[in-house]
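Results of the structural survey
So you can see what is in the structure, the chains are spelled out below.
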Amino acid sequence: MLNDLVNRKENLFPGKIIDYQQEENKFHFYTNTDVILFVQVLNPKIIRFRYAADGNFPPDFSYARDPDFTPELPLLEFIAHPDFFQLSTDQVVCLIQKEGMHIRILDKAGNTIMDDEKGYHWEYDLHTGNNIVKMSKWVQSGEHYYGLGDKSCNMNLRGRRLQNWSSDTYGYSRNSDPLYKNVPFYIGLHQKIAYGIFFDNTFRTYFDFAHERSNVTSFWAHGEEMNYYFIYGPSLIEVSEQYAFLTGRPEMPPLWALGYQQCKWSYYPEQTFKAIASGFRERQIPCDALYLDIDYMDGFRCFTWNKEYFPDPQRMIRELAADGFKTVIIIDPGIKIDKNYWIYQEGCAQDYFCRRSDGPFMKGSVWPGLCHFPDYTHPEVRDWWANLFKELITVDGVRGVWNDMNEPAVFEQGTFPDDVRFNYDGQPCSHRKAHNIYGMQMARATYQGVKKFCYPNRPLVITRSAFSGTQRFSATWTGDNVASWDHLWMANIQCQRLSISGMSFVGSDIGGFIETPTGELYIRWLQLGIFHPFCRTHSSGDHGDQEPWSFGEEYTQLAKKFIELRYQLLPYIYTAFWQHITYGTPMLRPLPFLNQDDTESYHRMAEFGLGDNLLICPITQPEVDGRWLYVPSGTWYYYWDDAEVVGGKEVWANAKLDRIPLYVRAGAVLPFYPVMQYVGEIEITQLTLHVYFVQGSVSSVLYEDAGDGYDYEKGICSEKIFLVTGSNTGLSISQEVKGSYAPIYTTYNIVLHGLPFVLKTVEVDGVLITPEPNPESAAETEQRENKLPEILVSKDFEQINIQGIIPESAEPDALINPE
Ligand code: MIG
């Protein structure tokens with residue numbers, strides 16, 4: 001029906017512009033066929049296009065757009081030519097053809113960035129009364145496409161047709177579509193210039209990237225309006241950042257939520273749950289959070305406990321908390337139809353459940369049996385739902401909530417019937433319009449409650465379904481994957497893709513949800529998982545144990561080693577999170593994002609950056625002791641042996657099972673915590689800074705705050721900027737501190753990597769010091785293969801100058817560690 005080639009239905013077109021109106025940065029263009037185009041320049045890089053086929057705009061409403069996003073009034077130049085209008089900002093030029101309302105956008109150098117083919121057109125859908133609204137654009141020469149959230153196909157979307165209609169896709173596979181999330185946002189890249197398109201429409205949407213016709217990219221929706229935002233880069237990173245500003249960014253998570261988390265469907269009863277906790281502590285494998293899946297409830301009734309399995313949840317959670325574990329529980333949307341269940345009673349009495357178009361509450365079967373489903377698009381329902389968390393959090397001590405089945409999923413039918421009604425914040429509609437944002441609104445309501453009752457602690461919410469903007473409320477994971485090498489490959493792609501699509505707080509079920517991984521697969525997956533912002537092992541109980549110690553001693557030790565590395569990296573990951581909330585920067589960055597000028601990198605998809613200074617490339621094949629990967633331009637160090645690599649080419653990384661290919665950017669300052677069993681276990685009395693030599697200058701950032709609470713919003717946080725400058729004979733490190741957060745530690749242990757010389761003198765803020773071995777760092781250097789020079793300095797240092805001498809015969813270590 002939607003295929004332009006098999007066009008049984010009539011496409012309608014907008015005619016010719018005959019009039020326009022301008023009001024500051026807003027324009028209305030009117031055609032001879034009663035079509036209206038509304039154009040708003042939101043800032044020099046973002047232009048919004050809205051079309052009214054029938055001459056009327058519905059109320060301007062968006063769940064996706066961040067209410068805190070404030071349009072600017074950028075300087076504009078507007079010229080009405082005889083055949084077209086020309087609208088320019090200081091970044092782009094937008095041409096609007098009078099005939100056919102075609103849009104073309106160029107950069108200031110005159111490169112065409114985006115160009116309408118048929119442009120806006122539509123088809124009247126007799127069955128629903130909706131217009132199927134369509135847009136088509138020319139594919140630019142050499143154009144690549146990225147984005148669209150959790151798709152499990154190749155990174156570059158060219159040649160594919162994909163859709164957004166959130167679906168419960170148990171055991172999905174490569175190229176399955178649609179999946180759980182709806183992110184109608186893509187990025188185009190050609191001539192090394194990147195731009196983005198965000199199609200803010202909640203109906204089922206389709207994106208065709210040169211699939212149906214090799215020179216045309218089009219997108220369309222089953223209702224509402226053509227309403228999209230053009231976002232100019234020119235860098236890929238900037239497109240993602242602008243999109244994140246438009247659809248919103250999360251708040252800082254509690255630091256523990258970046259620790260390792262352990263989950264299972266399901267750990268019960270209490271004894272089993274606590275045995276998992278002791279399993280971690282006995283083996284000294286760090287862990288911060290444990291999850292309770294659906295079996296903790298009484299007959300799967302939300303907000304109840306199965307008292308047989310968990311007789312005294314409050315005591316249990318308190319005891320676990322004393323040992324550093326935060327308890328996170330699952331909450332599904334289905335409310336059991338049970339006359340004696342107070343939530344059912346309240347929901348019915350208050351009319352909070354979704355109704356069929358003919359009146360009755362919608363019924364659908366999920367875990368509890370037949371259920372009704374709250375209409376989270378009703379603000380009153382969201383408030384009600386938020387308040388339901390009070391007891392779980394304030395009395396029982398739950399610290400985070402996990403939302404599942406919110407596509408919404410219903411057994412047998414898959415989802416709700418199309419006729420189901422929703423309030424949609426006062427603009428009643430059917431399931432066709434509300435389906436794709438149902439999960440988002442559930443996560444929003446959950447977040448509202450968790451935030452309110454966890455206060456003054458920070459909330460953690462995780463959701464399976466999402467729409468653009470859900471990152472404001474919740475972390476997310478990639479759903480019911482399988483313990484296979486192919487799924488490990490997918491986990492890597494999906495998390496990168498979510499990250500560039502505004503959702504950085506992402507992870508996969510480490511080891512795979514369905515079936516059982518081998519020890520080798522589990523370790524390879526964990527090695528990737530520790531570099532994902534959300535780091536959790538989860539699996540289905542039917543398929544055997546999946547704790548880090550379930551695969552035999554050799555694997556247990558490897559699991560421990562990598563989880564420990566995750567904890568050492570926490571200050572770095574936390575900083576990357578802060579960059580995400582502050583600048584919108586994706587935490588995970590696909591290779592082209594690191595290396596946009598190098599077209600070779602466009603074809604790669606396994607390699608990615610985490611934050612500014614790490615490059616990771618997982619091993620997704622069994623029984624290999626390394627892999628080829630593409631290292632972006634610049635100088636890098638192999639993390640495991642400090643071997644220097646000059647990028648812009650393919651290299652082989654040695655990586656037996658005890659390594660993942662991991663590179664550090666030359667000039668980086670990598671902050672490391674000591675190993676701890678959970679966040680807050682120990683006072684951090686010293687911070688290690690791994691400094692990597694560079695020829696030239698590179699700056700790195702370290703963000704710190706209390707790791708929980710809201711003082712950081714009052715400015716009690718700090719941003720430290722380290723500038724590393726190196727030459728053949730010396731290295732200097734300077735530190736600039738902004739903000740007032742005072743950490744407990746007083747010293748930095750600076751570990752110097754990759755020096756091309758031997759230390760001769762070290763001067764800290766004008767005073768010569770003699771470098772001495774630092775006993776506190778012994779444990780950490782043990783793991784490394786060669787001993788490195790270290791210097792212990794005050795955390796308040798401003799400038800370190802190191803003079804070196806080129807080694808001739810002397811052993812480098814002899815000079816610094818003369819024992
Ligand atoms: O129909 O709650 O994706 O993580 O363990 C399965 C049980 C329902 C699906 C989730 C999975 C969770 C499981 N849930």
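Residues numbered from 1 in each chain as written. Predicted model: local features only at pLDDT ≥ 70, side-chain atom pairs only at ≥ 80, totals over all residues. Heavy atoms only, no water.

**Digging into the pattern of salt bridges**
Taken as a whole and assessed by the stated rule, the structure comprises 41 salt bridges. For lysine 560, the salt bridge goes to glutamate 564, with nearest N and O atoms at 3.1 Å. Residue lysine 560 and its partner glutamate 564 are located together in helix 10 (residues 553–568), separated by four residues, close to a single helical turn. According to the relative accessible area criterion, glutamate 564 is buried, its value standing at 11%. For arginine 604, the salt bridge is made with glutamate 650, and the minimal N-O distance between the two is 2.6 Å. Note that arginine 604 is positioned in the loop between helix 12 (591–594) and strand 35 (608–610) and glutamate 650 in strand 40 (residues 649–654), a separation of 46 residues in sequence. One salt-bridge network, in which partners are shared between bridges, spans Asp168, Asp404, Glu407, Arg464 and Asp480. (Salt bridge = Lys/Arg side-chain N within 4 Å of Asp/Glu carboxyl O. Helix = DSSP H or I, 4+ residues; strand = E, 2+ residues; numbered from the N terminus. Buried < 20%, exposed > 50% of the residue type's maximum accessible area, 1.4 Å probe, protein only.)

**Some thoughts on the packing of helix 8 (residues 485–500) against helix 9 (residues 519–529)**
Taken N-terminus to C-terminus, the directions of helix 8 and helix 9 make an angle of 5°; their axes are 11 Å apart at the nearest point. One way to sum up the angle between helix 8 and helix 9 is to call them roughly parallel. Contacts between helix 8 and helix 9 involve Trp485, His487, Leu488, Ala491 and Asn492 from the first element and Glu520, Leu521, Arg524, Trp525 and Leu528 from the second. Broken down by class, the residue content of the contact of helix 8 with helix 9 amounts to six nonpolar, two polar and two charged. (Axes fitted to C-alpha atoms, helices over the stretch in contact; angles between N-to-C directions. Parallel < 35°, antiparallel > 145°, perpendicular 65-115°, else oblique. Contact = heavy atoms within 4.5 Å. Nonpolar A, V, L, I, M, F, W, Y, C, P; charged D, E, K, R; others polar.)

**Notes on the environment of valine 679**
Structurally, valine 679 can be placed in the loop between strand 42 (669–672) and strand 43 (686–692). By relative accessible area, valine 679 is classed as buried at 18%. When the C-alpha atoms of valine 679 and tryptophan 256 are compared, they prove to be 5.4 Å apart, with 423 residues separating the residues in sequence. Among all residues touching valine 679, those that are not within four sequence positions of it are Leu255, Trp256, Asp288, Lys326, Tyr567 and Leu570.

**Some words on the site of the ligand**
Near the ligand lie 13 residues; those nearest to it are Asp293, Asp404, Arg464, Asp480 and His538. In the environment of the ligand, an oxygen atom lies 2.5 Å from a nitrogen or oxygen atom belonging to the side chain of aspartate 480. Histidine 538 places a side-chain nitrogen or oxygen 2.8 Å from an oxygen atom of the ligand. For the ligand, whose unbound accessible area comes to 350 Å², protein coverage reaches 96%. Looking at the shell around the ligand, its residues break down into eight nonpolar, one polar and four charged. (Near = heavy atom within 4 Å. Polar contact = N/O pair within 3.5 Å; in protein donor to acceptor, adjacent residues only side chain to side chain. Areas by Shrake-Rupley, 256 points an atom, 1.4 Å probe, with all protein chains shown as cover.)

**Comments concerning the packing of helix 5 (residues 379–387) against helix 7 (residues 431–454)**
Working note: a packed helix pair is described by the angle between its axes plus the distance between those axes. At their nearest, the axes of helix 5 and helix 7 sit 8 Å apart, and the two run at 45° to each other. The orientation of helix 5 with respect to helix 7, classified from their angle, is oblique. When you trace helix 5 past helix 7, the crossing you get is right-handed. Residues Arg382, Asp383, Trp385, Ala386 and Asn387 of helix 5 pack against Gln441, Met442, Arg444, Ala445, Thr446, Gln448, Gly449, Lys452 and Phe453 of helix 7. (Left-handed = near helix turned anticlockwise from the far one by under 90°.)

**Focus: the UniProt feature "domain: Glycosyl hydrolase family 31 C-terminal" (unreviewed entry) in the chain**
What UniProt calls "domain: Glycosyl hydrolase family 31 C-terminal" (unreviewed entry) maps, in this numbering, to residues 584–670. End C-alpha atoms of residues 584–670 are separated by 21 Å, and the span's content is 5% helix alongside 39% strand. (UniProt positions renumbered as here; feature names shortened; annotations may be inferred.)

**Quick look at unusual backbone geometry**
Between tyrosine 268 and proline 269 the backbone carries a cis peptide bond, its omega angle lying at -5°. The peptide bond linking glutamate 407 to proline 408 adopts the cis configuration, its omega dihedral lying at -5°. Here proline 408 lies in the loop between strand 25 (400–403) and strand 26 (421–422). Residue aspartate 642 is not a glycine yet carries a positive backbone phi of 60°. With relative accessibility at 11%, the residue aspartate 642 sits in the buried group. Here the phi dihedral of aspartate 765 falls at roughly 45°; this positive angle occurs in a residue that is not glycine. A relative accessible area of 41% places aspartate 765 in the partly exposed class.

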